[in-house]
Amino acid sequence: MAGFNRAAEIVKRHKRIRKRVSGTSDRPRLCIAKTLRQLYVQIIDDEARVTLLQASTLEPAFREELRGANIASAERLGALLAERAKEKGVATVVFDRGGHAYHGVIKAFADACRKGGLQF
């Protein structure tokens, strides 16, 4: 398909999503960024413009056991983020999938967060 650029489509989709999704102090935004090798997640209060907490597959625990942005890594990262969110007192979030389709790694991450106690 001539002229198709996957990265440009993801950016376009993400801009469209961000028009509707915004985090507040009561319900911050859970943002996920995905590359072929890593996953990065943040919980952000958009009103105060502050990142409440973050996690990624670059952390030492992930580097020793799991490699890549795969479903196993996403499930482990979701559980870790849910645990950290409980410690910070965050119970409900707005999910920002970052322009990615809701399947595979993104869905596995979201399901692990829900299983860990976060509500979307």
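From a predicted model like this one, the values you see are computed outputs, not experimental measurements.

(A) Fine view of helix α1 (residues 6-18). For α1, built from 13 residues, the straight-helix expectation of 18 Å at 1.5 Å per residue is met to within 8% by its first-to-last C-alpha distance of 18 Å. Capping of α1 at its N-terminal end is provided by Asn5; its side-chain oxygen lies 3.2 Å from the backbone amide nitrogen of Ala7.

(B) Quick peek at the nonpolar core. Counting 25 residues, the largest nonpolar core has Leu30, Leu81 and Phe109 as the members making the most contacts within it. Excluding its chain neighbours within four sequence positions, the residues that come into contact with Phe109 are Leu30, Ile32, Val41, Ala74, Leu77, Gly78, Leu81 and Phe95.

(C) The sheet that holds strand β2 (residues 39-45), seen in detail. Strand order across the open sheet formed by four strands is β3-β2-β1-β4, with mixed pairing between neighbours. Edge positions in the open sheet fall to β3 (50-56) and β4 (94-96), since each of these has one partner strand only. Taken over all neighbouring pairs, the strand axes of this sheet differ in orientation by 20° on average, direction set aside. Bridge count between strand β1 (residues 29-34) and β4: three bridges; the pairing is parallel. Bridge assignment links Arg29 to a residue of β4, and that residue is Val94. This element, helix α3 (residues 71-88), spans β1, β2 and β3 of the sheet and lies at about 145° to β3. Along the sheet, helix α4 (residues 105-116) contacts β1, β2 and β4; its crossing angle with β1, the most-contacted strand, is approximately 145°.

Calculation criteria
- Residues numbered from 1 in each chain as written.
- Predicted model: local features only at pLDDT ≥ 70, side-chain atom pairs only at ≥ 80, totals over all residues.
- Heavy atoms only, no water.
- Helix = DSSP H or I, 4+ residues; strand = E, 2+ residues; numbered from the N terminus.
- Expected span 1.5 Å × (residues − 1).
- Polar contact = N/O pair within 3.5 Å; in protein donor to acceptor, adjacent residues only side chain to side chain.
- Core = buried A, V, L, I, M, F, W, Y, C linked by side-chain atoms within 4.5 Å.
- Buried < 20%, exposed > 50% of the residue type's maximum accessible area, 1.4 Å probe, protein only.
- Contact = heavy atoms within 4.5 Å.
- Pairing = 2+ DSSP bridges.
- Axes fitted to C-alpha atoms, helices over the stretch in contact; angles between N-to-C directions.

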